[in-house]
Amino acid sequence: MSPAAFSDGAELVDMLLAGWEIEKRFEGVSYGESERYASTARVKKIMPYLVGQSTEHENLVKSMIQKVKTDRQKWDFPQRVSKFPFHLSWDEEMMKEILRVERKAMETYSEILARLQVSDTKTFLDLADREFLVKGLKKLVKDEEEHARLAQSAIAKPGA
Ligand SMILES: [Fe+2]
C-alpha cells in the first residue's frame, strides 16, 4: 500500500506527537533505577544509553513540531509516563518490552517519513523546514533500528 499524503499540518503534527509519546515512556527511568533493576552489566549499560537517546529524540521531535504551520490552537501534548514496567523482574522480560517500544518508535518514524515524502507540503512547511524534517526522521529511523538491535542482542545474550 502506498503511503497516504498529509493533507495539512495538523495531521503531520498529530503523528509527530505519537512519536513524542513513545519517547516519553523512557522519561520515568533514571540511571539509578536501571542500575537497581538490571541484573547484568550489559543491561545496566544499555538502559542509560537508551534513556539518554529518548531525551535527545524528544527534543528533535519538539523542534520538528515547531516548524509545522497550522491553525490549530490546542494540542494534546504527551504527559510524562510515571510507570515504566520495571515490575518486570528480569532482564530478558524488560528488554523484550524495550524492544517492543523501540520497534514501535521505528515504525512510527518510518511511516511519518514515507507519508511526508509523498506529501505536497507547501502550505504547511517551508522548503528548508521540510528538509529539516526529512533529515531528522531519517536519523530517528536509523537510531531506533540501532536501539532495537541493542535490545535484541541483550535478549539473545543477557550476560555477555
Ligand atoms: Fe529508541
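Scroll up a little and you will see the structure.
Computed from a predicted structure; not experimentally measured.

## Some remarks on the overall build of the protein chain
- The helix and strand inventory of the protein chain stands at five helices and zero strands.
- Along the protein chain, helices and strands appear, N-terminal first, in the series α-α-α-α-α.
- When each of the 160 residues of the protein chain is scored for burial, the buried share is 29%.
- Contacts spanning at least 24 positions in sequence make up 88% of the contacts within the protein chain whose residues lie at least 6 apart.

## Notes on helix 3 (residues 41-67)
- Between its first and last C-alpha, helix 3 extends 41 Å over 27 residues, near the 39 Å set by a 1.5 Å rise per residue.
- Taken residue by residue, helix 3 has Val-43, Ile-46, Met-47, Ser-54, His-57, Leu-60, Val-61 and Met-64 as its buried positions.

## Some points on the environment of Glu-146
- By secondary structure assignment, the location of Glu-146 is in helix 5 (residues 127-156).
- Of the residues examined, Glu-146 has 15 C-beta atoms within 10 Å and is grouped as partly exposed.
- Separated by 44 residues in the primary sequence, Glu-146 and Glu-102 have C-alpha atoms spaced 9.0 Å apart.

## Thoughts on the packing of helix 4 (residues 91-117) against helix 5
- The interhelical angle for the contact between helix 4 and helix 5, taken along N-to-C directions, is 160°, at an axis separation of 8 Å. One element, helix 4, and the other, helix 5, form an angle in the roughly antiparallel class. For the element pair helix 4 and helix 5, the recorded crossing hand is left-handed.
- Counted by class, the contact of helix 4 with helix 5 contains 18 nonpolar, three polar and eight charged residues.

## Quick look at helix 1 (residues 9-24)
- Between its terminal C-alpha atoms helix 1 stretches 22 Å, which fits the 22 Å expected from 16 residues at 1.5 Å a residue.
- The set of residues buried in helix 1 consists of Leu-12, Val-13, Leu-16, Gly-19, Trp-20, Ile-22 and Glu-23.
- Close packing links the buried residues of helix 1 with helix 3 and helix 4.

What counts and how
Residues numbered from 1 in each chain as written. Predicted model: local features only at pLDDT ≥ 70, side-chain atom pairs only at ≥ 80, totals over all residues. Helix = DSSP H or I, 4+ residues; strand = E, 2+ residues; numbered from the N terminus. Buried ≥ 20, exposed ≤ 12 C-beta atoms within 10 Å, placed from the backbone. Contact = placed C-beta atoms within 7 Å. Expected span 1.5 Å × (residues − 1). Axes fitted to C-alpha atoms, helices over the stretch in contact; angles between N-to-C directions. Parallel < 35°, antiparallel > 145°, perpendicular 65-115°, else oblique. Left-handed = near helix turned anticlockwise from the far one by under 90°. Nonpolar A, V, L, I, M, F, W, Y, C, P; charged D, E, K, R; others polar.

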